[in-house]
Amino acid sequence: MYLKHSCHKTKKESLCTAKVRSHGLPYLGQRFKGRQAEKDLNSPSTHPYTLVENHLNGITCRIKQDLKAIDHELLHVSEYYFDGQGKLFRPMLIMLMAKAANFHETQMDRLLASQEKIAMIAEMIHTASLMHDDVIDAADSRRGKPSINQVWGQRKAIIGGDFVMAMASIELARIRNEDVVSVVAQITEDLVRGEFMQLGSKEREEERFTHYLNKSFKKTASLLANSCKAVAILGQCDEGVAEVAFEYGKNIGISFQLIDDLLDFTSCDHVMGKPTAADLKLGLATAPVLFAAKKYPELNAMIMRRFTEEGDVETARQLVAKSDGVAETRELAQNHSREAVRQIHTLTNSKYTTALERVADMVLSRNK
Amino acid sequence: MQVRKTFIGISRLLSYIRVAHTQNARCFVSWNQPKTSDWKKAVSEAEKIVGYPTSFMSLRCLLSDELANVALQVRKLVGTKHPLLKTARGFLDNGKHSLQTRGLMILLISKAAGAKSENMENVDHSADEMVSGIYPSQRQLAEITEMINTANLVHRGVVNLDTLKDTDGSLKDMEFGNKIAVLSGDFLLTSASTGLAELRNTKVVELVSMAIGDMMSAEFTSLRDRNGQGVLPEGVTFSCWERQTFLQSGSLLSRGCRSAMELAGHNEQVQMAAEEFGKNIAYARQMNEDLLPFANLGVDPNGILSSAPVIRYAEVHGPQSIDTFSGHEKIIATIIRDNETIEWCKEKCRDYGRKAITALDSFEPSEAKSALVNIVQATTAFKPVKS
């Protein structure tokens, strides 16, 4: 059951008077006068990446322009992971949401410069957190090349990450919207709290799953949820729409993380670009393990000691394989994707809302 | 309950802590070198003027679950040589006014600048009331700058694992110490971010973020090689020292002072004056600290190669005139023999002091303004340090 907003709601102020902050003018696009967007989910015209291709092209270059490093080495450190090898999943999703929200609000096909900025900022924040993650996890490699700490040492990796974060904050401030600053600041808080949650573990089994989902929200979903909310705010949408955007981002994020955790058990090294069973080796109990522990309680002791004893990792892997852990994780991911789709159905139909539905599906079917 | 647990954990921690070996030498503006009695008096008077000991700033941060967690984790580091132990000690060891002077300056200049200006369309203070002549937003800003400074210190204590010596301790300890250092620094930085967001002023967010960017850049522009050893490049000039000092400490203090003015809605002229003050007092403070090893040979001379006197000497006589491989004592002796360098540095320090005081000219006379002037004078007076 879903709400359908009627197409004859009053059009918001025209492009000329629309309040666009700081940089640039909104992109001028075509106007859809009541034409139903194509519902064909397999049509190339609703392919998520293709729909925002123009904006995604060169986004890495534009991010690099915002990394105003005064020193060569700092420039190389901060640019290291902006090498075009990332999937740009987050910017793609955020820009799609922006377009969908804009269309819902104005029936116009456009992307504001400020919204594109949010997509860039989200990618910068994400990358900065990767730089810190590599040090925390003592990673050797990422995306098929040596990790940043391998190349420059731990110290410069950390400080480089802080620098990228600071540059993102400067760009955020320049959008000149205090609400959006608060929403994005929430992301950084959640990221760190998520890491802290990972340090500790719950002793009681009932609490573990909630703890895991909460941590997954903070570490992965918060970025998407709050970025989507931010672009909705910038699109002059009301609170209801901002909430829908948030919920969509949140559910996609959790689904994404669940599949990520699942792939850690099912995939092998050369597909992922990073070694697998990585989570177990880091002492982390993710959804497949938590589900498996219901059938094999001996896993609980291993979870408590964070798989540190000899043979723990291998035993846990085997038990998960024997149990329904992977299947149950996939089912949970599907539920979250479904919820995301349900949320998006409350917005006015467009090729962007269709594309966002496809994203919910893409997240489930990825193999890396 | 949580508060009590935090305090018990921390006081136990303090009793176990030993000062650990710092792998990478000098802390720019650690500001915990031996102080003159003038300085102590100036700071103590100033704290009365702003309404409370600024050492409280460290306590508020401690009252969080995350940092209680960190305190427990840091205990595991006792007995290792991870730099985080030393930083934690400095951070927890309140009552020495050592790490909080930044915040104190910002509070003082806020008070000295006085109440919000009449031109107020873009500033809404309806919910704000001054306490001891300072707005709550300005107090929050002062705390935020301290948090940022501490975060930077903590992150600079992250150890490069591939250059560990046997004497540094086990790899596992250092890895663990790094992890905790990264997380606590991150926590402090995001607390600063959310605090900034609460101020509802994007100009301030921009200014402070630029300061953070500068502080991080300083790590890369410092005159050091990958192992933290000082280097004196060909053609090094005194302006290198100024730039490095600005990035490392001047930026945060100058932009912090300016932001405090912005929060009260003061005009561009007042903002620039505050910025000028912050910058020059930072230079003066750093110069004062750099001169200490040359006056009092008992002071830790770590990082001597990046100190102002050495750089000035190298500028005048060429970098090859300093034998970077000889011990610190020899370098210090070389410079002391050349009295000109030391005198030049002292005069430079006094010059920064004059500029700082001049920047305050447009401020009305007040207790707070006098306190600032006293602090400047205590920083730029060169009397023998009592041991």
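Analysis parameters
- Residues numbered from 1 in each chain as written.
- Chains lettered and ligands numbered in written order.
- Predicted model: local features only at pLDDT ≥ 70, side-chain atom pairs only at ≥ 80, totals over all residues.
- Heavy atoms only, no water.
- Contact = heavy atoms within 4.5 Å.
- Buried area = accessible area lost by both parts, 1.4 Å probe.
- Salt bridge = Lys/Arg side-chain N within 4 Å of Asp/Glu carboxyl O.
- Polar contact = N/O pair within 3.5 Å; in protein donor to acceptor, adjacent residues only side chain to side chain.
- Helix = DSSP H or I, 4+ residues; strand = E, 2+ residues; numbered from the N terminus.
- Expected span 1.5 Å × (residues − 1).
- Buried < 20%, exposed > 50% of the residue type's maximum accessible area, 1.4 Å probe, protein only.

Interface size, as often reported, equals the accessible area lost upon joining of the parts. Listed by partner, the interface residues are 42 residues for chain B and 40 residues for chain A. Summing the contributions of chain B and of chain A, the shared interface buries around 3800 Å²; its carbon and sulfur component is 65%. Summed over the three residues of chain B that lose the most area to chain A, namely B:Arg200, B:Thr202 and B:Phe220, the buried surface amounts to 19% of that side. The tally of links from chain B across to chain A stands at four salt bridges. A:Asp179 is paired through a salt bridge with B:Arg200; the nearest N and O atoms lie 2.8 Å apart. At the boundary of chain B with chain A, the tally comes to 11 residue pairs in polar contact (both at pLDDT 80 or more).

With that out of the way, let us pick up helix α10 (residues 239-266) of chain A. All names here are of chain A. The end-to-end C-alpha distance of α10, which contains 28 residues, comes to 40 Å, matching closely the 40 Å that a straight helix rising 1.5 Å per residue would cover. With respect to burial, α10 is a largely interior element, 23 of its 28 residues being buried. Where α10 begins, one side-chain oxygen reaches toward the backbone nitrogen of Gly240, 2.9 Å away; that side chain belongs to Asp238.

For the rest of this paragraph, the subject is the pattern of salt bridges. This structure, assessed with the given rule, holds 36 salt bridges over all chains. A:Arg366 is the salt-bridge partner of A:Asp260, the closest N and O atoms lying 2.8 Å from each other. Here A:Asp260, found in helix α10, pairs with A:Arg366, found in the segment after α17 (351-365); they are 106 residues apart in sequence, far enough to count as distant. Judged by its relative accessible area of 17%, A:Asp260 is buried. The exposure class assigned to A:Arg366 is buried, which follows from its relative accessible area of 15%. Put simply, B:Lys279 and B:Glu276 hold a salt bridge, and the shortest N to O gap is 3.6 Å. Taken together, the positions of B:Lys279 and B:Glu276, both in helix α11 (residues 268-295) and three residues apart, correspond to about one turn of that helix. Look at the salt bridges and you will find they share partners, linking A:Asp66, A:Lys68, A:Lys117, A:Glu171, A:Arg174, A:Arg176, B:Lys203 and B:Glu206 into a network.

Turning to the side chain of A:Ser216, a few remarks are in order. All names here are of chain A. Considering the arrangement of structural elements, one finds Ser216 in helix α9 (residues 205-234). Judged by relative accessible area, which is 1%, Ser216 ranks as buried. The residues touching Ser216, leaving out its near neighbours within four places in the chain, are Ala221 and Gln257.

Turning our attention to the environment of A:Arg342. Residues and elements named next belong to chain A. Here Arg342 is to be found in helix α16 (residues 325-344). Sequence separation of Arg342 and Gly160 is 182 residues, and the distance between their C-alpha atoms is 40 Å. Only 3.1 Å separates the side chain of Arg342 from the side chain of Glu339, close enough to count as a polar contact.

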